[in-house]
Amino acid sequence: MTHPPIEILGGMTADVFIRDYWQKAPLLIRGALTDVGEPVGLEWLKELASQDEVESRLIEYRQSKWLVEHGPLSARRFDRLPESDWTVLVQSVNHHLPHIADILWRFDFLPFARLDDLMISYAPPGGTVGPHFDSYDVFLLQVGGKKRWQISGQEDIRLVEGAPIKILQSFEADQTWEVNHGDLLYLPPKYAHYGVALEPGMTYSIGFRAPTQQELVTQFLIYLQDRVALEGMYADPNLTPPTEPARIAPEMVTQVATMLKAIQWDDATVADFLGHYLSEPKPHVFYDAPDEPMGEDDFAEALATHGLSLDLKTQILFTETEVYCNGEPIGTEAEDTTLWRQLANQRQLPPAAYPADFIAGLYEGYLSGYWYAE
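Positions within a chain are numbered from 1, following the residues in the order the chain's sequence is written. Only residues with pLDDT of at least 70 are given local features in this predicted model, and only at 80 or more are side-chain atom pairs given and counted; all residues enter the totals for whole chains, interfaces and linings. Side-chain measures were taken over the full set of non-hydrogen atoms in the model, leaving aside hydrogen atoms and water.

S.K.: Can you walk me through the packing of aromatic side chains in this structure?
M.R.: Given two aromatic rings, one states the distance between the centres and the angle between the planes to describe the pair. Centres within 6.5 Å make a pair out of two Phe, Tyr or Trp rings, where for Trp the six-membered ring is used; the pair is then stacked when the planes are under 30 degrees apart, edge-to-face when over 60, and tilted otherwise. Considering all chains together, one arrives at 30 aromatic pairs under this definition. Here the aromatic residues F17, Y21, W22, F107, F109, F139, Y186 and F208 are joined through ring pairs into a cluster of three or more.

Written out as structure tokens, the structure reads:
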């Protein structure tokens, strides 16, 4: 299958990008996305940063020291800032502004299961978060102003001890660029980079999920503990009186090891785990149910007239056999699977008269605030 050229990749196809750059090499695309809708101004970021449910940070570099404050950040705190040398970062802005969410979902040439969020950082001249690396893939879109990016494929990733953020002890740039509005920089995981604002401006950071093996294993074991149901109890009817009662006998170890071997899983189990885990909202994410919900008949009429759009915070993923929404399986009917997958891929449905069972499932999600038909 030949994929079409992608505008934000400078006319490159997804196949070429993945073959030559994805998790392999950095890429700078000039003028990749200049039409970003209404720019998110500093005042709007300050408003978001003041909210309890929004993750935000303020980073300053003063007198050779890194200073970090975590939100919520008050307007008074911003009033005390100097004219340079600071950066405010706000996570998941795509949860709050539809046109920012639209930018995030334009990266659909990569799996939604890997796509995380769109963070916006604002910095006046001199603002920086220092030379560092990320453990995940990231696209960095310059919006307004000008910034100098230095990048390095260095293997030395030792960090400054005691710093409140991850700062590289040593940074040696391989390449240096000045980026302007609309320029897009892609960096593979652990590729060192150092950005400094030359003019007031913003960076839209599109990040990708890259859980560690330890995190995946831990979450999988948590998933299993609610689903494993083994029969029987530990028993030792032929116990030999011990000469050392504090010793854990080899026979006990062997019996418990045999019990643990009874815990089994297959690819279907792992797929179900991933559906739950990857669509699960972050702890600070909540959904707003409608204050005066429509009845199901009125909902069906609204769906036929206006179509349906997912809430900005909603994530729908699917496997070969199941559809998952916000951490839970939907339990779809086989004949509705295509429609649920369409909603997952496109994040909206066009106006139409849909099957009754499908409407019933959509109505339940509507009552939970997962999507809207209006």
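S.K.: Before we go on, may I ask you to explain the pattern of salt bridges in this structure?
M.R.: Note that side chains of opposite charge can pair when their charged atoms are close. For this analysis, a salt bridge means a side-chain nitrogen from Lys or Arg found within 4 Å of a carboxyl oxygen belonging to Asp or Glu. Here the structure, examined in full by the defined rule, presents 12 salt bridges. Across the pair E60 and R77 runs a salt bridge, and its minimum N-O distance is 2.8 Å. Of the two residues, E60 is situated in strand β4 (residues 56-62) and R77 in helix α3 (residues 75-79); the sequence distance between them amounts to 17 residues. Each residue gets one of three labels from its accessible area relative to the maximum for its type: buried under 20%, exposed over 50%, partly exposed in between, using a 1.4 Å probe on protein chains only. Classification of E60 as buried rests on a relative accessible area of 3%. Given the relative accessible area of 10%, R77 is considered buried. Across the pair R77 and E69 runs a salt bridge whose closest N-O atoms are separated by 2.7 Å. Helix and strand assignments come from DSSP, with helices taken as H or I runs of at least 4 residues and strands as E runs of at least 2, each series counted from the N terminus.

S.K.: Before we go on, may I ask you to explain a nonpolar patch on the surface in this structure?
M.R.: Patch membership is restricted to residues that have no salt bridge and whose relative accessible area is over 30%. Joining uses 9 Å for like charges and 5 Å for the nonpolar side chains Val, Leu, Ile, Met, Phe, Trp and Tyr. The accessible surface values rely on the Shrake-Rupley method and a 1.4 Å probe; as for residues, cover is taken only from the protein chains in view. On the surface, a cluster of nonpolar side chains totalling about 600 Å² of accessible area is made up of Y234, I248, M252, V253, V256, M259 and L260. Considering the arrangement of structural elements, one finds L260 in helix α6 (residues 250-261).

S.K.: Mind showing me how you'd approach the layout of surface pockets here?
M.R.: One number sums up the size of the second largest pocket: a volume of about 480 Å³. Around the second largest pocket, the lining is made up of 18 residues, and of these L239, T240, P242, A249 and E251 lie nearest the centre. Put simply, Ala, Val, Leu, Ile, Met, Phe, Trp, Tyr, Cys and Pro go in the nonpolar bin, Asp, Glu, Lys and Arg in the charged bin, and everything else, Gly too, in the polar bin. A breakdown of the residues in the lining of the second largest pocket according to their chemical character gives 10 nonpolar, 4 polar and 4 charged. Cavities and pockets are defined on a 1 Å grid built over the protein atoms alone: a cavity is a set of grid points where a 1.4 Å probe fits but cannot escape, while a pocket is an open set with protein on both sides within 12 Å along at least five of seven lines, and lining residues are those with an atom within 4 Å of any such point. Grid points are joined across faces, edges and corners, and a volume is the space filled by probe spheres set on the points.

S.K.: Can you walk me through the environment of N94 in this structure?
M.R.: As for its position among the elements, N94 is in the loop between β6 (86-90) and α4 (98-105). Through-space distance from the C-alpha of N94 to that of W105 is 9.4 Å; in sequence the pair is 11 residues apart. In what follows, residue pairs with any heavy atoms lying within 4.5 Å of each other are defined as contacts. Leaving out residues up to four positions away in the same chain, N94 has contacts with I100, A101, L104, D117, L118 and L312.

S.K.: Just checking my understanding: could you explain empty space enclosed by the protein for this structure?
M.R.: Rolled over the atoms, a probe sized like a water molecule indicates the empty space that remains. Applying the stated rule across the entire model yields 1 cavity of 30 Å³ or more. Considering only enclosed or pocket space, the largest cavity measures out at about 40 Å³ in volume. Considering the residues around the largest cavity, the lining is formed by S121, Y122, A123, Q142, K147, A197, G201, M202 and T203. Elements supplying a minimum of two residues to the lining of the largest cavity: β7 (115-123) and β13 (201-208). Of the residues belonging to the lining of the largest cavity, the class tally is 4 nonpolar, 4 polar and 1 charged.

Purely spatial values, then, with no claim about function.
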